Amino acid sequence: MLNSRRMPQPAAQPMTANQRARRSRVIAAALKLASEGGYDAVQMRDVAVTADVALGTIYRYFPSKDMLLTSVMADWAGQLRERLGQNPPHGTTPATRVADVLQRACRSLEREPLLAAALVRALSSSEARDGGPISEVGLHIRAMIEPQLDDLDAEIREDIITVIGHVWLSTLIGWLNGRIQFSQVAQQLGMAAHLLLDDDYRRRADPT
């Protein structure tokens with residue numbers, strides 16, 4: 001989920017202002033439909049009507065529903081990143097700051113359970129796995145976590161971000177499948193951050 005490394009792609013032609021506006025309307029329409037009815041409510045024809053664009057226009061920007069919803073997730077992550085810039089994470093240690101970032105993200109998703117379920121379902125699909133939007137999600141999340149790890153070696157920092165990304169996606173999928181409650185997603189992410197970054201926490205967990 002957080003792996004933003006991918007093979008170089010041919011540079012895309014920049015969009016015009018009108019194209020950007022249409023694309024934004026499509027994403028806003030998909031977000032509205034998913035918030036109100038979940039994954040199954042996001043039908044491309046309904047998105048086109050809600051966004052007031054031609055159906056063919058949607059497919060030019062988003063080849064599938066999962067790619068569209070992953071783009072919604074990328075926009076959500078970008079907005080979360082902006083809010084975090086205005087209100088930096090709390091904590092005196094890397095572990096507490098990373099845990100705060102992750103818990104804020106979880107709270108934001110928890111407020112919109114139907115939307116959250118739709119986004120997680122799209123994120124875990126094979127269609128969205130290697131696309132540009134999922135890399136954009138990873139870049140935003142990385143940009144929120146990496147500054148909290150400035151004191152660490154770059155390679156270690158990279159490994160920690162990768163592990164946290166795997167834990168986050170697996171816990172979200174566990175919630176989507178009904179194996180855990182959403183509150184446990186934040187708890188397990190916080191636990192992962194402390195296990196990776198807090199020596200005292202590890203000693204308390206394993207006093208031997």
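These numbers come from a predicted model, not from an experiment.

## Points about the overall build of the protein chain
Per the secondary structure count, the protein chain includes 11 helices and zero strands. Counting helices and strands in the order they occur from the N terminus, the protein chain gives α-α-α-α-α-α-α-α-α-α-α. A burial count over the protein chain gives 45% of its 208 residues as buried. Put simply, of all contacts in the protein chain between residues at least 6 apart along the chain, 68% involve residues at least 24 apart. As presented, the protein chain carries roughly 11,300 Å² of accessible surface, and 50% of it is formed by carbon and sulfur atoms.

## Points about the packing of aromatic side chains
Working definition: an aromatic ring pair is given by the centre-to-centre distance plus the angle between the planes. One pass over the full model with this rule turns up two aromatic pairs. Between W175 and F182, the ring centres sit 4.8 Å apart and the planes meet at 80°, which makes this aromatic pair edge-to-face. Given the relative accessible area of 8%, F182 is considered buried. In this structure, K65 is placed above the aromatic ring of Y39, and the distance from its NZ or CZ to the ring centre is 3.9 Å.

## Quick notes on the packing of helix α9 (residues 154-176) against helix α10 (residues 182-197)
Contact geometry of α9 with α10 gives a least axis separation of 9 Å together with a crossing angle of 160°. Taken together, the axes of α9 and α10 lie roughly antiparallel to each other. Read as a crossing pair, α9 and α10 show a hand that is right-handed. Only F182, V185, Q188, L189, A192, L196 and L197 of α10 make contact with α9, whose side of the interface consists of I160, V163, I164, V167, W168, T171, L172 and W175. Of the residues assigned to the contact of α9 with α10, the class counts are 13 nonpolar, two polar and no charged.

## So, the nonpolar core
Membership of the largest hydrophobic core comes to 59 residues, with the highest contact counts inside it found for V47, L68, I145 and W168. Ranked by residue count, the leading element in this core is helix α4 (residues 65-86), at nine residues. Every residue in contact with V47, bar those within four places of it in the chain, is listed here: V26, A29, A30, L33, V42, I58 and L68.

## Side note on helix α1 (residues 17-37)
Between its first and last C-alpha, α1 extends 30 Å over 21 residues, near the 30 Å set by a 1.5 Å rise per residue. Buried-residue contacts for α1 involve α2 (44-51), α3 (55-61), α4 and α6 (113-123). Within two residues after α1, G38 carries a phi angle of roughly 80°, on the positive side.

## A look at the pattern of salt bridges
All told, the structure shown has five salt bridges when counted by the stated rule. Across the salt bridge formed by D100 and R104, the nearest N and O atoms sit 2.9 Å from each other. Taken together, the positions of D100 and R104, both in helix α5 (residues 94-110) and four residues apart, correspond to about one turn of that helix. Classification of D100 by relative accessible area gives buried; the value is 12%.

## Observations regarding α2
Buried residues of α2: M44, V47, A48 and A51, and no others. One side of α2 holds all its buried residues, which, seen down the axis, span an arc of 100°. Across α2 from its buried face, at more than 90 degrees, point the exposed residues R45 and V49. On its buried side, α2 packs onto α1, α3 and α4. Within two residues after α2, D52 carries a phi angle of roughly 60°, on the positive side.

Thresholds applied
- Residues numbered from 1 in each chain as written.
- Predicted model: local features only at pLDDT ≥ 70, side-chain atom pairs only at ≥ 80, totals over all residues.
- Heavy atoms only, no water.
- Helix = DSSP H or I, 4+ residues; strand = E, 2+ residues; numbered from the N terminus.
- Buried < 20%, exposed > 50% of the residue type's maximum accessible area, 1.4 Å probe, protein only.
- Contact = heavy atoms within 4.5 Å.
- Areas by Shrake-Rupley, 256 points an atom, 1.4 Å probe, with all protein chains shown as cover.
- Phe/Tyr/Trp six-rings, centres within 6.5 Å; stacked < 30°, edge-to-face > 60°.
- Lys NZ or Arg CZ within 6 Å of the ring centre and 35° of its normal.
- Axes fitted to C-alpha atoms, helices over the stretch in contact; angles between N-to-C directions.
- Parallel < 35°, antiparallel > 145°, perpendicular 65-115°, else oblique.
- Left-handed = near helix turned anticlockwise from the far one by under 90°.
- Nonpolar A, V, L, I, M, F, W, Y, C, P; charged D, E, K, R; others polar.
- Core = buried A, V, L, I, M, F, W, Y, C linked by side-chain atoms within 4.5 Å.
- Expected span 1.5 Å × (residues − 1).
- Salt bridge = Lys/Arg side-chain N within 4 Å of Asp/Glu carboxyl O.
- Arc of directions from axis to C-beta.

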